[in-house]
Amino acid sequence: MAVRDDLMVQTQLSENVFIDPTKDAVVIDGVSKVFKKPRPLFRRFFNQKEVDGKKLEVRAVDDVSLTIKRREIVGILGANGSGKSTLIRMLSTLLIPDTGSISIFGYDVVKDERMVQRLINRVSVEASFFKKLSPMENLLYAARLYNMSGAEAHSKIIAILTRLGIKSDRIHAPLENMSRGMQQKVAIARAFLTAPIVLLLDEPTTGLDPRSKIDVQNFVEELREQHDATILITTHDMDEADALCDRVAIIDQGRMMALGETGELKRAVAALMGREDPVTMNEVFMHYTASQLITEEDIQRYGSWEKAFEALEAEREDEE
Ligand SMILES: Nc1ncnc2c1ncn2[C@@H]1O[C@H](COP(=O)(O)OP(=O)(O)OP(=O)(O)O)[C@@H](O)[C@H]1O
């Protein structure tokens with residue numbers, strides 16, 4: 001009887017893949033990841049933590065906590081090297097957190113690695129493909145790995161690639177002849193093919209032209225509507241974050257600096273800047289990733305938010 005009750009709250013997604021849809025899709029709890037920088041052998045021998053005053057460790061992700069509900073689209077925003085990809089890699093079981101825990105629908109990324117791998121799908125620019133083969137051949141290969149029948153896969157592949165704006169003559173031509181942006185679309189198509197439960201998109205629209213960007217963004221929204229997908233997306237494009245994400249997390253040097261709906265964050269930063277109109281997402285980003293958070297005191301001291309920002313950034317550059 002207990003087993004039956006259990007099954008009632010579980011949804012079977014495919015063979016041996018069950019989720020409890022009432023659980024949070026992603027729970028990141030106090031996660032950190034430190035990388036060691038390469039150092040000369042004799043320094044390793046003496047276990048030095050610094051060389052010429054420079055740290056030999058990078059705290060890529062520093063005590064990050066974030067809970068994402070099913071069907072949410074959450075953006076991870078941060079400058080180059082702020083730790084976005086490291087976080088995504090830990091979510092997708094490619095890296096193990098040093099401290100803290102991550103679960104996907106209650107499955108732990110370390111203990112239940114195999115189940116997590118079935119629930120998530122990561123798209124990144126480093127996607128691996130057989131470059132001599134066409135998009136169709138590459139995607140049929142991927143579909144076979146997911147036990148999809150050839151006929152079902154074929155029609156789905158045509159629909160997705162067409163939807164992403166890839167012309168039919170390109171679908172059967174070698175991938176190596178396609179531009180980087182086009183290849184990225186094929187990587188996105190591969191993730192969409194299997195209608196993942198949790199989709200991790202690592203800078204999916206970087207390098208795409210404006211129309212292609214919109215194609216991808218619309219498709220991401222469709223995926224949520226039609227398949228109840230939960231989507232975590234890293235991007236440098238603030239307009240994209242604004243248009244697509246229910247909430248954004250801003251990270252800087254591995255630390256979570258802000259989390260909230262874009263409108264909420266815009267109003268909060270506008271209030272701090274003493275402005276009536278909401279500020280732009282670019283301004284929100286600049287505010288939370290400035291060398292230090294700009295406080296009301298700073299604004300009074302320097303005369304305006306902009307002047308305080310410039311002064312504090314100049315201080316940071318001097319220190320570096
Ligand atoms: N395998 C690794 N070994 C050592 N250091 C690493 C490794 N991977 C990442 N780092 C360092 O960790 C920090 C965070 O890197 P990460 O790639 O997560 O940043 P990011 O926000 O994704 O950057 P970008 O926007 O440029 O892709 C950087 O300082 C980077 O140099």
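Residues numbered from 1 in each chain as written. Predicted model: local features only at pLDDT ≥ 70, side-chain atom pairs only at ≥ 80, totals over all residues. Heavy atoms only, no water.

### With respect to the sheet that holds strand β11 (residues 198-202)
- The strand order β10-β11-β12-β7-β13-β14 describes an open sheet built from six strands, whose pairing is mixed. Every interior strand has two partners, whereas the edge strands, β10 (120-123) and β14 (255-260), have only one. In this sheet, adjacent strand axes meet at a mean angle of 15° when their direction is disregarded.
- With four bridges connecting them, strand β7 (residues 73-77) and strand β13 (residues 247-252) associate as parallel partners. Across the sheet, residue V74 finds its bridge partner in β13, namely R247.
- Taken strand by strand, helix α9 (residues 210-227) contacts β7, β11 and β12 (230-235), and its axis lies near 140° from that of β7.
- Against the sheet, helix α11 (residues 262-273) makes contact with β13 and β14, and its axis sits at roughly 105° relative to β14, the strand it touches most. (Pairing = 2+ DSSP bridges. Helix = DSSP H or I, 4+ residues; strand = E, 2+ residues; numbered from the N terminus. Axes fitted to C-alpha atoms, helices over the stretch in contact; angles between N-to-C directions. Contact = heavy atoms within 4.5 Å.)

### Observations concerning the nonpolar core
- Counting 57 residues, the largest nonpolar core has L77, F192, L199, V220, V284 and I294 as its most contacted members.
- Per-element tally for this core: the top contributor is helix α8 (residues 180-193), with seven residues.
- In contact with L199, other than residues within four places in its own chain, are N121, V123, A191, F192, L223, T230, I231 and L232.
- Counting residues in each nonpolar core, the second largest holds 31 residues, with L87, M90, I104 and I197 among its members. (Core = buried A, V, L, I, M, F, W, Y, C linked by side-chain atoms within 4.5 Å. Buried < 20%, exposed > 50% of the residue type's maximum accessible area, 1.4 Å probe, protein only.)

### Details of the pattern of salt bridges
- Going through the model one piece at a time under the given rule, you end up with 16 salt bridges.
- A salt bridge links R59 to D62; the shortest N-O distance between them is 3.7 Å.
- Residue classification places R59 among the partly exposed positions, given a relative accessible area of 43%.
- The class of D62 is buried, set by a relative accessible area of 16%.
- Its salt-bridge partner being R163, residue E222 comes within 2.6 Å of it at the nearest N-O pair. Here the residue E222 occupies a position in helix α9, and R163 occupies one in helix α6 (residues 150-163), the gap between them amounting to 59 residues. (Salt bridge = Lys/Arg side-chain N within 4 Å of Asp/Glu carboxyl O.)

### Here's the deal with unusual backbone geometry
- Within the chain, R71 stands out as a residue other than glycine whose phi angle is a positive 75°.
- A relative accessible area of 29% means that R71 is categorised as partly exposed.
- The residue F105 is not glycine, and still its phi comes out positive at about 45°.
- The topology assignment puts F105 in the loop between β8 (99-104) and β9 (107-108).

### Quick look at the confidence of the model for the protein
- Residues at a pLDDT of 70 or more form 86% of the protein, whose mean pLDDT is 84.
- Of the regions scoring below 50 in pLDDT, residues 1-9 engages in four contacts with residues more than four places distant in sequence or in other chains. (pLDDT = per-residue confidence, 0-100.)

### Brief notes about the packing of α8 against α9
- Between α8 and α9, the shortest axis-to-axis distance is 12 Å and the interhelical angle comes to 5°. The angle between α8 and α9 falls in the class roughly parallel. Note on element contacts: α9 touches α8 through S212, D215, V216, F219, V220 and L223, opposite K185, I188 and F192.
- For the contact of α8 with α9, the class distribution of residues is six nonpolar, one polar and two charged. (Parallel < 35°, antiparallel > 145°, perpendicular 65-115°, else oblique. Nonpolar A, V, L, I, M, F, W, Y, C, P; charged D, E, K, R; others polar.)

### Here we look at the environment of F192
- Within the fold, F192 resides in helix α8.
- In the structure, F192 is positioned 27 residues away from F219 in sequence and 8.8 Å away in space, judged by C-alpha atoms.
- In contact with F192, other than residues within four places in its own chain, are I160, L199, F219, V220 and L223.

### Topic: the site of the ligand
- By nearness alone, 13 residues border the ligand, and N80, G81, K84, S85 and T86 come closest of all.
- In this structure, G83 approaches the ligand through a main-chain N or O atom, which is 3.0 Å from an oxygen atom.
- Protein burial of the ligand: of its 640 Å² of free accessible surface, 63% is covered by the chains.
- Going through the elements one at a time, β6 (57-68) and α3 (84-91) are the ones with two or more residues in the shell around the ligand.
- Of the residues forming the shell around the ligand, the biggest block, three residues, is contributed by α3.
- Per-class residue counts for the shell around the ligand are four nonpolar, seven polar and two charged. (Near = heavy atom within 4 Å. Polar contact = N/O pair within 3.5 Å; in protein donor to acceptor, adjacent residues only side chain to side chain. Areas by Shrake-Rupley, 256 points an atom, 1.4 Å probe, with all protein chains shown as cover.)

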